[in-house]
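# Structural features, examined
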Amino acid sequence: MGSFKGHFLPGTLFLVVGVWHIWSAIVRYASNPKAFRVRVWNPVPGFDGRIRYLELYLIAIGAFIDMCIELLYSTHLKFFVNGVLNPSHMNDFEHSGMLLMFFIFGVVALLSEKSRFFSLPEGTLCLIAATAFCAEYLLFYFHSTTHKGLEGYYHLLLVLLIGLCILSTVAGALLPTSFPVDLSSGIAMTLQGLWFYQTAFTLYGPMMPEGCRLKQNMVVCNSPDSEVRGELLANFQLFMMVFGVLVSVVGAYGFAASKFGHSDIGGLSTIQNGLDHN
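Residues numbered from 1 in each chain as written. Predicted model: local features only at pLDDT ≥ 70, side-chain atom pairs only at ≥ 80, totals over all residues. Heavy atoms only, no water.

## Describing the overall build of the chain
Scanning the chain from N- to C-terminus turns up 8 helices and 4 strands. Listed by position from the N terminus, the elements making up the chain come as α-α-β-β-α-α-α-α-β-β-α-α. Dimensions of the chain along its principal axes, counting C-alpha atoms only, are 65 × 50 × 30 Å. Out of the 278 residues belonging to the chain, those deemed buried represent 42%. Once local pairs closer than 6 in sequence are excluded, the contacts in the chain between residues at least 24 apart make up 72%. Surface exposure of the chain reaches about 14,800 Å², of which carbon and sulfur atoms provide 67%. Here the chain contributes 15 positively and 17 negatively charged side chains, and the mean placements of these two sets differ by 7 Å. (Helix = DSSP H or I, 4+ residues; strand = E, 2+ residues; numbered from the N terminus. Buried < 20%, exposed > 50% of the residue type's maximum accessible area, 1.4 Å probe, protein only. Contact = heavy atoms within 4.5 Å. Areas by Shrake-Rupley, 256 points an atom, 1.4 Å probe, with all protein chains shown as cover. Lys, Arg positive; Asp, Glu negative; His and termini not counted. Charge placed at Lys NZ, Arg CZ, Asp CG, Glu CD.)

In structure tokens:
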């Protein structure tokens, strides 16, 4: 069983990074389509370059703080019971392992950018990020806390979104000049963050479906029909999120093209229109 805070905090991290990734990919492509390259992280402009690595610091520090909460605060430092790992906090240990992978990615990316002795190509960083997403996928797929019923369905949809993050990040290493791949990576991270939010507000907040409730740290429904209605509601919520994100992406692309647009974008459209007429 999770908690509102346990879903809200990582959701915020994924949402912020995902939205920034979408906007950066759109601006870079609109500014110069021919020179576009996939980036696993995007520098933040302004302040004479002092916040250039803000995204990587956010990932590393955010993951480290959340890892300390899971490993130190949630366990109350009771790591072992009778010589074995405390079975009451196995989910906290698993969450810590997942967060450790994102912390490692942030640190490795920072070292790659700041140290000339540890410079890694962008494709390698994409694969390291994909490894962190794989750890997250395995955590939620083989969780020691068995998710059943409505709670299990929400986490199943979360696993699917994590799978999209893995695929899009690996594709970034294989297709380093693909704008759709880079954009898809940002969309997948944004959707994952939004779904963490939705899970928090639905299962542990004020949006619990009618006929279901929290009981002894478990989500229980009064009848199979109530559970099915909750699952159908989850499908609708995910659809609306996907629709909203795609509309926002189209709007952001239109704005970026009008403000930062390169002449190549108009040229490509003219060529395509000519081919359509022929």
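## Observations concerning the layout of surface pockets
Approximately 410 Å³ is the volume found for the second largest pocket. Taken together, 30 residues make up the lining of the second largest pocket; nearest its centre are Leu13, Phe14, Val17, Ile59 and Phe102. Among the elements of the structure, helix H1 (4-31), helix H2 (54-73), helix H3 (90-114), helix H4 (122-141), helix H5 (149-174) and helix H6 (179-203) are those that each provide at least two residues to the lining of the second largest pocket. Counting residues per element, the lining of the second largest pocket draws most heavily on H2, which supplies 8 residues. (1 Å grid on protein atoms, 1.4 Å probe; cavity = no way out; pocket = protein on both sides within 12 Å on 5 of 7 lines; lining within 4 Å. Points joined across faces, edges and corners; volume = space filled by probe spheres on them.)

## Some details on the environment of serine 226
Mapped onto the elements of the fold, serine 226 is located in helix H7 (residues 224-260). When the C-alpha positions of serine 226 and glycine 205 are compared, they lie 18 Å apart, and in sequence the two are 21 residues distant. Filtering out sequence-adjacent residues up to four positions away, serine 226 remains in contact with Glu210, Gly211, Cys212 and Cys221.

No statement about biological role is implied by the geometric values presented.
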